[in-house]
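One letter stands for each residue in the lines below.
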Amino acid sequence: MCFSKLKSSSPQRRGGAEKRFNAPQPPLNLRGGGRGLYFASLRLRGRFVFHLLLLLSLGIAGCGDMADDLDPSGADKRPIVAAGTSGTQVGQIAPDFAIVDSLGNTRTLSSELAAMAPGNAVVLYFTMWCPICDSHQSHMLSSVIPAFPGSKYFLVDYVSGSVGGTRQAEVSNGYSGSLFTTLADTDISLLNLFNATMSTTVVIDSSGIVRMNEDYKDGSRLMEMLKGL
Amino acid sequence: MRSVSPRSICVAAFFLGAAILTERPASAASCCGGGSASSLILPKFSHSMVDASLSIEKYDGFWNKEGRYIQDPPGSDLRQYRLSLGYAHRLAANWQASVVAPYVWNDNRYSGLSSRTEGIGDTSLSIFYEAFDSIMCTYKVEGISDLKPASYFGASLTVPTGISPYDEVESSFDVTGRGFYRLDGIALFDKTVYPWNASLLLSYGIHLERPVNLEYGNYVEPYRKKLGDRALGSLSFGYTQSLKEQDTMTYTATYSDLWEAEGSINGESDSTTGLRKKSVSGTIAYATAEKNWIVKGSWGHTIKQDGWGENFPATDTFTVGVSHVFQ
């Protein structure tokens, strides 16, 4: 972390223990040069703060990770993906995988797709049972799933570490018996396969092509994607 | 009663105000970014101040969008450690400025996953105007003028120096900031009738819209995102106890209510965002007779029951800090 290399500068300390109750105010008995000196000292203090902030800004600007936020870009930098290749980026053919759900049943991508009518999709949502995750999941239940009932919706729990833990989290978060099927990604293989993190949403159409692999945000991209299948 | 100077009273009162700002709820969470810095306020007539504090924030469940409290998955232990360094400087008789920058360590342990990451958090730059020229503290109320509070009006800019979801990061566990500039207007009213004190802090902030083309290291179709406006109200009551040699110990209790409106994506409201958090805190501050060294400890607590928050993690925050004031 580049900031760990920064040295903080020490402010100028004024010596002496003299207490000046009204210190920053120009003494009324000061005239001419005295008041000038007083305001000069205030300017020096202001200059010190300016230099401190300048140092901070330079330090920040030197950190590549931060530049993305300090001066964010809206340029489209998505990589070009060769159609028909296997992979998890948009436009690629998703590799098959097998994973156990919260009830202990083994699910495979190929079997889920095979049982699906054209025009539908497998939707994976990666959850760590957090407030943002819950908000997204609730939004899917109320707005997305009713509009696109033919698709299959899976919550991928990558934090509980066991099928029992996933089941417990599913129940305590109120998703037992819901229209979601919860998958126990106990060895985080699915997380790694899709290069996913919290609230990553993956859409795989009935022909196995990845149509979306990004953050859920407000759900509008997911709905657009499902509508366009 | 022992003789205590008006200046001592005011410095003690200031630390109540400072305590409020220190307890300003951050957006910290393993899932939501964190490490937002608070502001510093310099005591009247002081030249400058340095401040260092260490906070441990322990996550314990969350409130969903409907305000229902939900526990974290079994076996999880989610923490964030923050070392905040701050400097405040008097620019003129009634003007002061400050900068606070936190360094953040995320320590997230679930049954099936562990992560320890670190980085600088979001930095806060503030400027305050003191709408009073003399000591506003008093020993007793003899007239209506004695009830006039010390009023501070300021602005604070949160600079996204932290690591956000829109940086080159691999996972949400790496995040130490929200990635957005925020401009807050702040008003602080502080009244001390020795040894009692009351403070009211009000702030309203707007996030600036930004383009996004990167999410957790993956380039996506560009879009514009804006977090919702944010409001905070804090009410504090304190008592200052005189110790030997005019040292003082100040005890403060604070109630805070934080609200953030829904954000937007490409100008459309995002109904999955927005938050609410109500919290209480207690602070103890020890100040030397000269009031140039202050040692503080605080505990911020959220009530882990339905209705005390929305769409936000429930946490307990323990903070110890030390300030040195240059007269």
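Because the structure is a prediction, the values reported are computed rather than measured. (Residues numbered from 1 in each chain as written. Chains lettered and ligands numbered in written order. Predicted model: local features only at pLDDT ≥ 70, side-chain atom pairs only at ≥ 80, totals over all residues. Heavy atoms only, no water.)

In this chain, Y194(B) is followed by P195(B) through a cis amide linkage whose omega measures 5°. For P195(B), the position within the fold is in the loop between β8 (182-193) and β9 (196-207). The residue I188(A) is not glycine, and still its phi comes out positive at about 45°. With respect to the element layout, I188(A) can be found in the loop between β5 (181-184) and α6 (189-193). Residue classification places I188(A) among the buried positions, given a relative accessible area of 18%. Located in the positive-phi region is N266(B), a residue other than glycine, with phi close to 50°. Structurally, N266(B) is set in the loop between β14 (264-265) and β15 (268-269). (Helix = DSSP H or I, 4+ residues; strand = E, 2+ residues; numbered from the N terminus. Buried < 20%, exposed > 50% of the residue type's maximum accessible area, 1.4 Å probe, protein only.)

Counted by the stated rule, this structure contains 28 salt bridges over all chains. The residue E214(A) makes a salt bridge to K217(A) at a minimum N-O spacing of 2.9 Å. (Salt bridge = Lys/Arg side-chain N within 4 Å of Asp/Glu carboxyl O.)

Grouped together as the largest cluster of nonpolar side chains are 54 residues, with contacts concentrated most on L124(A), F126(A) and Y158(A). Of all the elements in the fold, those that place two or more residues in this core are α3 (109-114), β3 (121-127), α4 (131-144), β4 (152-157), α6, β6 (200-205), β7 (210-215) and α7 (220-227) of chain A. Considering each element in turn, this core owes the most residues, 6 residues, to β3(A). Setting aside residues up to four positions removed in sequence, F126(A) forms contacts with V156(A), Y158(A), L190(A), L191(A), F194(A), A196(A), T197(A), M198(A), S199(A), T200(A) and V202(A). Judged by nonpolar contacts, the second largest core, of 13 residues, contains A150(B), Y152(B), L258(B) and L275(B). (Core = buried A, V, L, I, M, F, W, Y, C linked by side-chain atoms within 4.5 Å. Contact = heavy atoms within 4.5 Å.)

Let us now look at the sheet that holds β4(A). Residues and elements named next belong to chain A. An order of β2-β1-β5-β4-β3-β6-β7 is seen for the 7 strands of this open sheet, with the pairing classed as mixed. Each having just a single partner strand, β2 (106-108) and β7 make up the two edges of the open sheet. Direction aside, the axes of adjacent strands within the sheet are offset by 30° on average. α4 contacts β3, β4 and β7 of the sheet and is inclined by roughly 155° relative to β3. (Pairing = 2+ DSSP bridges. Axes fitted to C-alpha atoms, helices over the stretch in contact; angles between N-to-C directions.)

To continue, consider the side chain of S256(B). In this fold, S256(B) is placed in strand β13 (residues 248-260). In terms of polar contacts, S256(B) uses its side chain to reach the side chain of S234(B), at 2.5 Å. (Polar contact = N/O pair within 3.5 Å; in protein donor to acceptor, adjacent residues only side chain to side chain.)

Residues and elements named next belong to chain B. Sheet topology places β13 next to strand β16 (residues 275-287); 13 bridges connect them, and they run antiparallel. Residue pairing in the sheet places T248 in a bridge with A287 of β16. Pairing analysis gives 2 bridges linking β16 to strand β18 (residues 309-310), with the strands arranged antiparallel. Looking at β18, one finds that R276 is bridged to E310. Both β16 and strand β17 (residues 293-302) contribute to a ladder of 9 bridges, which runs antiparallel. By the bridge assignment for β17, Y286 is matched with V295. Where β16 folds back on β17, the antiparallel hairpin that results is connected by 5 residues, among which K291 adopts a positive phi of roughly 60°.

All names here are of chain B. Strand order in the open sheet formed by 4 strands is β10-β11-β14-β15, and the pairing between neighbours is antiparallel. With partners counted over all chains shown, the strands left at the sheet margins are β10 (210-215) and β15, one partner each. Across 2 bridges, the pairing between β14 and β15 is antiparallel. Bridge pairing in β15 places S264 opposite S269.

One full turn of an α-helix is made of 3.6 residues, so residues set three or four places apart face in the same direction. All names here are of chain A. Within the span of helix α5 (residues 163-172), buried status applies to G165, T166, A169 and E170. Down the axis of α5, the buried side of the element spans an arc of 135°, and every buried residue falls inside it. Each element contacted by the buried residues of α5 is listed here: β4 and β5. Positive backbone phi, at 85°, marks G174, one or two positions downstream of α5. (Arc of directions from axis to C-beta.)

Across a regular strand the side chains alternate sides, sitting on one face of the sheet and then on the other. Residues and elements named next belong to chain B. In this structure, strand β4 (residues 95-109) lies alongside strand β5 (residues 114-120), joined through 7 bridges in antiparallel fashion. Residue pairing for β5: W105 is matched across the bridge by E118. Adjacent in sequence and paired antiparallel, β4 and β5 are bridged by 4 residues.

So, about the packing of aromatic side chains. Taken as a whole, this structure holds 15 aromatic pairs over all chains when the rule is applied. Ring centres of Y125(A) and Y216(A) lie 5.9 Å apart, and the angle between their planes is 85°; on these two criteria the pair is classed as edge-to-face. Here Y125(A) is found in strand β3, whereas its partner Y216(A) is found in the loop between β7 and α7, with 91 residues between them in sequence. Comparing Y125(A) with Y216(A), the two get one shared label, buried. A centroid spacing of 5.3 Å and a plane angle of 80° characterise the contact between F132(B) and Y152(B), whose relative ring orientation is edge-to-face. One end of the pair, F132(B), is in the loop between β6 (123-130) and β7 (150-159); the other, Y152(B), is in strand β7, with 20 residues separating them in the sequence. You can call F132(B) buried: its relative accessible area is 6%. By relative accessible area, which is 6% here, Y152(B) ends up buried. Site record: aromatic cluster; members linked through ring pairs are F97(A), F126(A) and F194(A). When the ring centre of F132(B) is taken as origin, the NZ or CZ atom of K44(B), which lies over that ring, is 4.7 Å away. Lying over the aromatic face of F180(B), R210(B) brings its terminal NZ or CZ to 5.8 Å of the ring centre. (Phe/Tyr/Trp six-rings, centres within 6.5 Å; stacked < 30°, edge-to-face > 60°. Lys NZ or Arg CZ within 6 Å of the ring centre and 35° of its normal.)

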